[in-house]
Each structure stands twice: as C-alpha cells, then as structure tokens.
Amino acid sequence: MMCFLRVWCAALVLGVALIAQPLVAQEATTDYAAWDTFASQATETTAQDSTSDTALSTLRAQAVKWRNEFITLQSSNSDQIETTKDQIAALGAAPAEGETEDPLIAQRREELNATLTKLQAPGIQAGEAASRADGLIRNIDKVTRERQADKLLRLSPSAANPVNWPAAVSLFRWMGAWIYEETVWRFTQPINFDTLRNNAPLIAGLLVVAGILLFRGGRWMGRLTQWMLTKTAMRGRDLISGLVSLGQVILPVTGAFLLTTAIGRTALFGPIMMDFFGHLNFVLLTILLAWWLGGRVFPTRSGIESALSLAEEGRAEGRFHALMMGLALGLQQLLVNWIMPRAESYLGGTETAAAEKAAEAASRADAAMSVLFVPLQIFAALVLFRMGQLLRRQLKLSGESGEDVAFRYGLLKLLGNAAILIAIAAPTLGLIGYVSAANALIWPALLTLAVFAGVAVLQEFLTEFYVALSRTQEGRREGLIPVLAGFALALCALPVLALIWGARVEDLSDLWTQTVQGFAVGGVRISPAIFLTFAIVFGIGYAATRGLQGALKSTILPKTRLDKGGQNAIISGVGYIGIFLAALIAISSAGIDLSSLAIVAGALSVGIGFGLQNIVSNFVSGIILLIERPISEGDWIEVGGQMGTVKSISVRSTRIETADRTEVIVPNADFVSGQVTNWTRGNKTGRAQVPVGVAYGTDTRQIEAILLEIAKDHPLVMMSPEPQVLFIGFGADSLDFEIRAILADVLFRPKVISDMNHAIAQRFAAEGIEIPFAQRDLWLRNPELLPGAKPVPKHSSATEPKTVETPDAKKMTPEEARALYGDDDGDSGGEMDGYGGHTS
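**Q** Please explain the overall build of the protein as it appears in this structure.
**A** Along the protein, the regular secondary structure elements total 26 helices and 15 strands. Every one of the 840 residues in the protein was classed for burial, and the buried ones make up 35%. Restricting the contact set of the protein to residue pairs at least 6 apart, pairs at least 24 apart contribute 69%. Counting every atom, the protein has about 49300 Å² of accessible surface; 63% of that belongs to carbon and sulfur.

**Q** Teacher, can you tell me more about the nonpolar core here?
**A** As a rule of thumb, nonpolar side chains are buried together in soluble globular proteins. In this structure, Leu384, Trp443 and Leu446 are the most contacted members of the largest nonpolar core, which totals 52 residues. Only α6 (165-187), α11 (271-297), α12 (315-347), α13 (358-392), α15 (403-432) and α16 (435-470) provide two or more residues apiece to this core. Element by element, the count of residues in this core is highest for α13, at 15 residues. For Trp443, the residues in contact, after removing those within four places along its chain, are Ala328, Leu329, Gln332, Leu376, Gln377 and Ala380. Ile703, Leu707, Leu743 and Ile769 belong to the second-largest nonpolar core, a separate cluster that totals 22 residues.

**Q** Help me out: how do you make sense of the side chain of Thr698 in this one?
**A** One can find Thr698 in the loop between β8 (686-694) and α24 (700-713). Using a relative accessible area of 18% as the deciding quantity, one classes Thr698 as buried. Of the polar contacts made by the side chain of Thr698, one reaches the backbone oxygen of Ala695; its length is 2.8 Å. Beyond its immediate stretch of four places on either side in the chain, Thr698 contacts Ile703, Leu735 and Ile769.

**Q** What is the right way to look at the environment of Leu743 in this model?
**A** Locating Leu743 in the fold gives a position in strand β10 (residues 735-743). Taking the relative accessible area as the measure of exposure, Leu743 reaches 0% and is therefore buried. Each C-alpha atom of the pair Leu743 and Gly686 lies 5.3 Å from the other, and the pair is 57 residues apart in sequence. Every residue in contact with Leu743, bar those within four places of it in the chain, is listed here: Lys684, Thr685, Gly686, Ala688, Leu716, Val717, Met718, Arg749 and Val752.

**Q** Looking at this model, I keep getting lost on the packing of aromatic side chains. Mind explaining?
**A** Here a ring pair, both rings aromatic, is described through the centre-centre distance and the interplanar angle of the planes. Here the structure, examined in full by the defined rule, presents 17 aromatic pairs. On the basis of an interplanar angle of 70 degrees and a centroid distance of 6.4 Å, the ring pair of Phe187 and Phe193 is categorised as edge-to-face. Relative accessible area serves as the criterion here: at 37%, Phe187 is assigned to the partly exposed category. Ring-pair connections join several aromatic residues into one group, and the members of that group are Phe187, Phe193, Phe269, Phe276, Phe277 and Trp338.

**Q** Would you explain α24 in this entry?
**A** Turn by turn, an α-helix covers 3.6 residues, leaving residues three or four places apart pointing in a common direction. An ideal rise of 1.5 Å per residue puts 20 Å on 14 residues; α24 measures up with 20 Å between its terminal C-alpha atoms. Looking only at α24, the buried set comprises Ile703, Ile706, Leu707, Ile710 and Ala711. One side of α24 carries all its buried residues, which in axial view fall inside an arc of 135 degrees. Summarising the geometry of α24, the exposed residues directed more than 90 degrees from the buried face are Arg701 and Asp713. On its buried face, α24 is in contact with β8, β9 (724-730), β10 and α25 (749-767).

**Q** When you look at unusual backbone geometry in this model, what are you seeing that I'm missing?
**A** Residues apart from glycine generally show negative phi values, whereas peptide bonds are mostly found in trans. Of the consecutive residues Ser720 and Pro721, the connecting peptide bond is found in the cis state with omega at 0 degrees. Its location among the elements puts Pro721 in the loop between α24 and β9. The backbone phi angle of Ala267 is positive, close to 65 degrees, even though this residue is not glycine. Positionally, Ala267 belongs in the loop between α10 (247-266) and α11. The phi dihedral of Arg661 falls on the positive side, at around 65 degrees, and the residue is not glycine. Structurally, Arg661 is set in the loop between β5 (653-658) and β6 (663-667).

**Q** Help me understand the confidence of the model for the protein, please; the structure alone is not making it clear to me.
**A** Where the model shows low pLDDT, its predicted coordinates should not be examined in detail. When pLDDT is averaged across the protein, the result is 79; 78% of the residues are at 70 or more. Within the protein, no element has a lower average pLDDT than strand β15 (residues 838-839), which sits at 36, and none a higher one than β10, at 92. Below a pLDDT of 50 lies the segment residues 1-28, which in the model reaches 9 contacts outside its immediate sequence neighbourhood of four places, other chains included. Per-residue pLDDT stays below 50 along residues 823-840; that stretch engages in 37 contacts with residues further than four places along the chain or on separate chains.

**Q** Just to check I follow, could you spell out the pairing of β5 for this structure?
**A** On a regular strand, one side chain projects to one face of the sheet and the next to the other, so that they alternate. Extensive coverage of β5 is indicated by the burial of 5 of its 6 residues. Relative to β5, strand β4 (residues 642-649) is paired through 5 bridges, and the arrangement is antiparallel. Paired with Ser648 across the two strands is Arg655, which belongs to β5. Between β4 and the antiparallel strand that follows it, β5, lie 3 residues. Sheet analysis places β5 next to β6, joined by 5 bridges and oriented antiparallel. Looking at β6, one finds that Glu657 is bridged to Glu663. Counted along the chain from β5 to the antiparallel partner β6, the turn is 4 residues long, and its residue Arg661 has a positive phi close to 65 degrees.

**Q** Where do I start with the sheet that holds β10 in this structure?
**A** Through backbone hydrogen bonds, the strands of a sheet pair up, either in parallel or in antiparallel fashion. Taken in spatial order, the 3 strands of this open sheet run β8-β10-β9, and their pairing is antiparallel. The open sheet has two edge strands with one neighbour each: β8 and β9. Across the sheet, the axes of successive neighbouring strands diverge by a mean angle of 25 degrees, strand direction being ignored. With 9 bridges connecting them, β8 and β10 associate as antiparallel partners. What sits directly across from Pro691, in β10, is Glu738. This element, α24, spans β8, β9 and β10 of the sheet and lies at about 25 degrees to β10. Contacts from α25 reach β8 and β10 within the one sheet, and its direction differs from that of β8 by about 30 degrees.

**Q** Would you take a moment to explain helix α19 (residues 528-556) for this structure?
**A** The end-to-end C-alpha distance of α19, which contains 29 residues, comes to 40 Å, matching closely the 42 Å that a straight helix rising 1.5 Å per residue would cover. Buried within α19 we find Ile530, Gly541, Thr545, Gln549 and Leu552.

**Q** Please clarify how the pairing of strand β3 (residues 636-639) should be interpreted in this entry.
**A** Strand direction decides the pairing type here: β3 and β4, joined by 4 bridges, are antiparallel. Among the inter-strand pairings, Glu638 is bridged to a residue of β4, identified as Met643. The turn linking β3 back onto β4 is made up of 2 residues, and Gly640 within it adopts a positive phi angle of 60 degrees. Across 3 bridges, the pairing between β3 and strand β7 (residues 676-678) is antiparallel. Bridge pairing in β7 places Glu638 opposite Thr677.

**Q** Would you take a moment to explain a nonpolar patch on the surface for this structure?
**A** Together, Val616, Phe619, Val620, Ile623, Ile624, Ile627 and Val672 line one region of the surface with nonpolar side chains, adding up to about 570 Å² of accessible area. The biggest single contributor to the nonpolar patch is helix α22 (residues 613-628), with 6 residues. Exposure remark for Ile624: the relative accessible area of 30% places this residue in the partly exposed category.

Reading the values: rules and limits
- Residue positions are given per chain, counting from 1 as you read along its sequence in written order.
- Only residues with pLDDT of at least 70 are given local features in this predicted model, and only at 80 or more are side-chain atom pairs given and counted; all residues enter the totals for whole chains, interfaces and linings.
- Based on all heavy atoms of the structure, the side-chain values leave hydrogens and waters out of the count.
- Numbering of helices and strands runs from the N terminus, with a helix taken as a DSSP run of H or I at least four residues long and a strand as a DSSP run of E at least two residues long.
- Exposure classes here rest on a 1.4 Å probe applied to the protein chains alone. A residue is buried below 20% of its type maximum, exposed above 50%, and partly exposed in between.
- Here, residues are in contact when the closest pair of their heavy atoms is within 4.5 Å.
- Shrake-Rupley sampling with a 1.4 Å probe provides the accessible areas, and residues are treated as covered by the protein chains on show and by no other component.
- Each nonpolar core is a collection of buried residues, namely Ala, Val, Leu, Ile, Met, Phe, Trp, Tyr and Cys, held together in the definition by side-chain atoms within 4.5 Å.
- In protein, a polar contact requires one atom able to donate a hydrogen and another able to accept it; more generally it is a pair of N or O atoms within 3.5 Å, and residues adjacent in sequence count only if both atoms are side-chain atoms.
- For this analysis, a ring pair means two rings from Phe, Tyr or Trp (six-membered ring only for Trp) whose centres lie within 6.5 Å, classed as stacked if their planes differ by under 30 degrees, edge-to-face if by over 60, and tilted for the remaining angles.
- What a helix is expected to span follows from its residue count: subtract one and scale by 1.5 Å.
- Each direction from the helix axis to a C-beta atom contributes to the arc, which is the arc of those directions.
- Confidence of the prediction at every residue is given by pLDDT, a number between 0 and 100.
- A pair of strands is considered paired only if DSSP assigns at least 2 bridges between the two.
- All axes here are fitted lines through C-alpha atoms, helices being fitted over the stretch that makes contact, and every angle between N-to-C directions spans 0 to 180 degrees.
- Here the term patch refers to residues with relative accessible area over 30% and no salt bridge, with like charges joined within 9 Å and nonpolar side chains (Val, Leu, Ile, Met, Phe, Trp, Tyr) within 5 Å.
- Each reported salt bridge corresponds to a side-chain nitrogen of Lys or Arg within 4 Å of a carboxyl oxygen of Asp or Glu.

In structure tokens form, the structure reads like this:
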C-alpha cells in the first residue's frame with residue numbers, strides 16, 4: 001500500500017511538473033523587456049527622416065521575427081486550456097446570483113478558473129505584443145512607401161537641357177583618368193610582372209579555353225542543335241535540341257568568366273578594371289539570354305512551331321528586337337551597378353564634403369545620371385515600341401481563326417498595346433525630368449516581356465517532355481497535363497512580376513505568411529492547410545465510398561435475391577450517404593466552424609429555396625424513386641409521351657433510351673407527379689392488339705377462326721390466358737376485328753404485330769378474303785363556272801355526258817345521278833365513295 005502511495009505521489013508530481021513546464025519555459029524564453037526596448041527604439045528611429053532605407057529594412061526584419069514568435073506563443077497551452085474548460089463545464093452551470101452550490105464544487109470551480117486564467121495569460125500577453133509588432137511593421141512599410149513615391153515623383157534636371165551635359169562629360173573624363181592612373185601604376189610595379197610570369201602557364205591555358213568557348217562554342221552548339229532538329233524520327237528531339245541550344249549561352253558566358261579570371265591572374269589590372277570586367281560578363285549573359293529567348297519565340301527555321309505559336313512572318317524582326325532589348329537591359333545593369341556608385345563617389349567626394357556644397361554636389365550627380373539614363377531609355381523605348389507593333393499584328397500574320405486562337409492573340413495584342421503605351425510615356429517622362437518614373441516603367445516592361453517569353457519556353461519544354469513520355473503527338477497542347485503545367489508556371493511567375501514592378505521581398509513574405517495562417521471570413525478561418533486537410537480527408541472518404549459501392553455491385557449484391565433495380569438503389573443510396581458523411585468528417589477534421597455562418601446560411605436558404613425549388617423537387621423525387629422503386633434500370637416505360645428503356649436513375653433526372661437509340665433526360669419530378677406506364681414492372685408479359693378489317697359480306701366466323709389460328713401459331717403468344725379474336729363492330733368501310741394476345745416479352749410487341757400482319761395478308765390472299773380500302777370518285781357539277789373554263793353548252797351532242805360510278809357498277813349521266821341522289825342548288829361539287837357514301 002505504501003509503495004502504491006509513493007508511485008501515485010511521484011506520478012502526481014511529474015504531472016504537475018509537465019503542466020507547469022510550458023509556462024516556465026515560455027516565461028524563460030520570451031523576454032518581453034527586450035521587446036519593449038526594441039519597440040520603443042524602432043518607433044523613434046522610424047520617425048526620423050535621416051534613417052536610411054537599409055536601417056528601416058533591418059528594423060522591419062527584426063519586428064517580423066518578434067511578431068512570428070508572438071504568434072506562435074498565442075497558441076501555447078491550448079491543450080491544457082481546452083482540458084480545463086471541459087473540467088469547468090463538467091461541474092455544471094455556475095449558480096445564479098443569490099444562489100449557492102456545494103462548497104466542494106465551489107472550491108473546485110474557483111481553482112479551475114484560477115488555473116484557466118493562468119494558462120490563458122501567456123497567450124493574451126503574446127497577442128498584445130503581436131498586435132504592437134504588427135503596428136510597428138505597418139508604420140515602417142508606410143514610411144518606406146512614402147519614400148518610394150517621393151523618389152518616383154522627384155523632378156530631376158532635364159537631359160534635353162544642354163546645361164546639364166557637362167556634368168556627364170566631366171564624370172566620364174574623371175572615370176577615364178582614374179582607370180588610366182590605376183592601370184599605369186599597376187604596370188609600373190615589378191612585383192606584378194613577377195606574378196604574371198609565375199601564372200603564365202595557367203593564364204595561357206585559360207586564354208586558350210576562353211577563346212575557344214567565346215568564339216567557337218556558340219557556333220558549335222548551334223550546329224548541334226540544327227543537326228538534332230533534322231532527326232525527325234527521334235522522339236523528344238524538340239526538347240533535347242532546346243536544352244542543347246542553351247549551350248549557345250552557357251559556353252560563351254563560361255569563356256567570358258574564364259577570360260576575366262585569366263586577366264585577374266596577370267595582376268596588371270586594378271580593382272576598378274576587374275570590377276568592370278566582372279560586370280561585362282553579366283552584360284554578356286543578359287544579351288545572350290535575350291538572344292536565346294528571341295530564337296525560341298521567333299524560331300529561325302521555317303516550319304518549326306514557336307513557343308507562343310507566332311506566325312513565321314516577322315520572326316527575323318522579332319529576333320533582332322529581342323537582341324536589342326537584351327543589349328538595353330545589359331547597359332542599364334552596367335549603368336546602375338558600376339557607373340552610378342562611382343558617380344556618387346566622384347560628385348560627392350572630399351571637395352564637396354562641406355555642408356554648404358552638399359546641395360550642389362547632389363544636383364550635379366542628379367544631372368549627370370539624368371543625361372546618362374535618358375538616351376538609354378529612348379533606345380529601349382524604340383525597341384519596345386517596335387516589339388509592341390510586332391505583337392499587335394500577329395493575328396493578321398497568322399491568318400488563323402477559332403476561339404482559342406482569338407484568345408491567345410488577344411493577349412498578345414494586349415501586351416503589344418501596353419508595350420506601345422509605355423514606350424511612348426517613359427521617354428517623355430525622362431525628357432521632362434522624371435527619370436526615376438521613366439526607369440520604373442521602361443525597364444520592368446522589358447523584363448515583363450522576358451518573363452512571358454521564359455514562361456512560354458518552359459511550358460514548351462514541359463509539353464515536349466510530356467509528349468516524349470506519352471509517345472504521342474496528338475493533341476499535345478490540348479492535353480490536360482500541359483495546360484496544368486502552364487497554369488502552375490504562370491502562378492510561379494506572379495511573384496517574379498511583382499518584384500519586377502517594385503514589390504518588396506518583405507511584402508511578398510508577409511502575403512505568404514498571411515496566406516499560410518489563413519483569412520477570417522465570417523468568423524471562419526480559411527487557410528491552405530485547412531483546404532489541404534479537407535481535400536485529403538474528403539478524398540479518402542470518397543475513395544472508400546466508391547470502393548464499398550464496387551464491392552457491393554460486384555461481390556455482395558449479385559449473391560442476393562434482389563433484382564437489378566433494388567441492387568442499383570442500394571448502391572446509389574450508399575454512394576449518397578458515403579459522400580455526405582465524407583464531407584461532414586472532412587469539415588470536422590479541418591476544424592471548420594460553421595456555427596458563425598448559420599445565420600447567413602439561414603438567410604440565404606430562403607432565397608435559394610425559391611430559386612432552386614425545381615432542383616430540390618427533382619432531388620427529393622429521385623430519393624423517392626430509389627426508395628419506392630416504381631421504375632428500375634432496364635424497365636420499358638412510357639412517360640410524358642416518351643417510351644424507352646430506363647438506363648440510369650440519378651439524383652436529379654432519369655435517362656431513357658428510346659427505340660431509335662436517342663437518349664431522353666426526364667426530370668425525376670415527372671415520375672412522381674405525372675402518369676408513368678411501366679410495361680415491364682414485375683414481369684415482361686404484356687398484351688398486343690392487332691386490328692383487322694374485312695369487306696362486307698365476308699363470313700365473320702371464318703375470319704375469327706383464321707385470326708385465332710394465326711395468333712396461336714406465333715411463338716411469343718402465351719396460351720394462358722389464350723389469345724382472343726373479337727368482332728369489334730361495323731365500320732364505315734369494313735367489318736372490324738381485333739386480335740388480343742398476351743406476349744411472353746412485351747418488348748417484342750412491334751415485331752409480333754408485324755409478324756401477325758404478314759400472316760394475315762398471306763392467309764387472306766389464299767382464302768380469297770377481300771381487305772377493303774377506301775375509294776373516292778370526284779365529279780364536278782358545273783365545270784363551266786370554274787375560272788378560265790370554256791363555256792360548255794348544256795346537253796351538247798358534241799360533248800359526251802359525264803358519268804359517275806355507282807355501287808352497282810352501272811354508268812349514269814350527271815342528270816340521272818341528280819335525279820337519284822337529289823340536287824342541292826347550293827352545292828357546286830361533292831364526293832361519292834366506293835361504298836355508297838356521299839359527302840359534300
């Protein structure tokens with residue numbers, strides 16, 4: 001007993017330690033005093049105009065780190081909090097004011113409430129700190145955006161003013177003198193020549209390899225690409241040749257880097273020139289990449305499909321403009337990354353270090369950079385303008401038609417229009433003096449076209465890879481996988497485009513963090529994790545439901561005595577119930593709380609009920625059909641004037657296949673509210689009725705015996721009950737009989753009727769029984785009164801009197817006919833049929 005008590009006490013102490021451990025660890029790891037100090041300093045620093053953009057970026061990164069830590073701490077002790085809440089709920093509702101409860105329960109309730117408050121305190125404190133950090137981040141972002149806007153709208157000295165040109169000339173003169181002095185000094189140092197002699201073998205090898213790669217590598221890879229394109233039988237040749245063509249960029253750039261390495265090994269050039277050579281390598285890389293993309297979008301060989309499906313006409317012009325765009329981007333990189341820092345160093349050097357000359361130095365630097373940037377902007381705008389015109393007329397050049405073609409070329413036209421507008425606006429702004437605004441337009445526009453081209457080329461590669469794997473060329477661009485791959489590439493390109501057009505990495509990082517954490521919509525938090533959990537759980541439930549349906553259909557239900565209709569009803573019911581339960585379990589597993597949306601759902605249900613009442617009616621009718629089973633799959637039914645075989649019964653409608661093999665979709669409500677004839681419900685027997693008419697004067701008993709014999713001789717006519725032949729009555733033209741026979745399979749009713757008609761015709765012909773048919777003889781009473789008729793003398797001997805045929809086959813003149821049947825002066829004509837009937 002004592003041993004048990006010791007174990008129990010040890011377990012109790014361990015449990016208390018485990019419960020208290022998160023609180024102690026959290027208090028030890030979270031230094032709120034340090035956070036308060038940082039937040040106060042960051043607020044003061046942000047308010048100062050002298051704070052640099054780099055300092056603001058650093059402060060923001062630290063604030064984001066604090067905020068993420070606080071957000072994590074907000075969910076601390078969540079399990080203990082839920083457990084404590086459940087314990088409090090188990091004690092029952094708290095007593096109302098003025099009421100009392102058992103002292104032990106009251107004491108326990110007080111202890112649990114104190115524990116709950118202690119557990120919730122760290123999360124509340126972390127939430128308050130996270131809100132403060134978020135406000136600090138928003139303030140830093142606001143200051144940064146205001147600075148960016150001021151920079152874009154700042155008016156610089158106009159490059160069109162000749163007064164500003166000497167600043168740029170002075171800059172180039174100073175940079176040339178600086179490079180010359182540094183190079184001359186390097187060549188006058190003996191130690192540098194010693195280094196050159198020691199590294200001569202390595203330098204020679206690097207120069208040889210660099211020369212080969214620079215001047216021959218691209219040409220060799222181009223020939224290899226063209227050779228692979230001629231191998232039409234090679235599967236995936238377009239993909240392989242496209243990847244090989246990248247060597248036209250990689251090999252020359254590698255040669256350029258090797259050449260820079262060899263020059264550096266000589267020790268004859270200083271840091272300025274080596275930095276210049278390094279930037280030239282990236283300029284070459286930019287130009288070659290633009291040239292390669294132009295070659296993929298505007299292929300050289302005719303008959304090769306373009307990455308953007310562009311027309312063959314104008315491809316040479318497109319490749320030239322792509323190369324010029326690469327040249328403009330390369331020069332812009334050289335100007336921004338190499339010339340601009342040295343311009344600031346030169347124009348803001350020691351001679352302008354005094355405070356009174358700072359404004360003059362800044363003005364000179366601004367004027368020099370304006371003069372350098374504007375000509376490059378004009379060059380880039382001309383290239384962009386011509387490229388926009390080329391994209392605009394692609395639809396006319398292709399001569400294709402169709403909705404997909406119109407959509408694709410509509411996007412190209414939109415890009416072309418945007419390019420033309422930017423090409424006009426950017427240099428205009430630059431000449432006026434808004435150089436920063438012009439740079440913010442022209443260079444992102446060029447990079448945007450490059451991104452679109454890159455996405456198109458990557459999609460083409462993925463499409464070719466898919467074709468190589470699937471070993472088919474049919475509908476490769478219309479396949480689902482290439483389309484999904486293109487959509488994924490387009491989504492991946494969105495952050496790149498955002499960065500190109502001025503978005504910061506911090507902005508995208510915050511957007512991603514917010515997306516991962518989710519958005520609150522009507523009190524329900526929606527996040528990718530919730531969607532993923534819902535999709536996985538629902539997919540598992542859906543797959544399990546389909547598996548159970550397959551097992552019931554193929555293994556279990558065929559061994560029962562249920563008919564096919566009952567089996568289909570059970571399978572359909574299991575499917576509906578399984579999908580409904582899968583959705584409920586998925587919602588519960590994802591943690592989606594729909595209680596906050598109950599009021600909204602209740603309000604919407606009224607409008608949805610009116611708008612979807614027909615659909616709901618059909619749905620309920622479908623459930624009734626599955627439960628009551630008045631019709632089943634395979635039944636031959638007649639509903640709404642349509643007759644056919646039931647092929648399937650779904651929730652909303654039933655599909656019927658008629659005798660002419662057409663499918664009719666009938667709403668389920670028609671089966672519940674309308675009249676339905678089921679010819680095969682329970683069994684396939686049914687009655688066939690064959691009407692027969694014979695001439696007057698025929699022996700009716702003989703006809704009855706013949707028809708009864710014909711009915712009994714047919715193999716599908718059942719003998720129990722026996723077929724019947726009824727003398728229906730005296731028709732206008734015939735004696736009417738009818739065969740009534742029960743068939744073993746009513747689905748063959750038309751065939752049985754046809755067989756009986758053939759047998760009746762054959763027996764009546766053999767027995768000499770006449771089947772009457774209606775005859776009509778027309779006669780005109782006064783033909784001379786018809787329009788255009790010649791007058792005929794009455795009782796003219798030149799004209800033979802008209803005659804009519806009477807039932808006794810005797811001929812009589814019209815006068816005799818009028819005397820026999822009467823003469824009605826009001827009639828101008830009439831009829832007499834072959835059985836003595838007369839109609840006017």
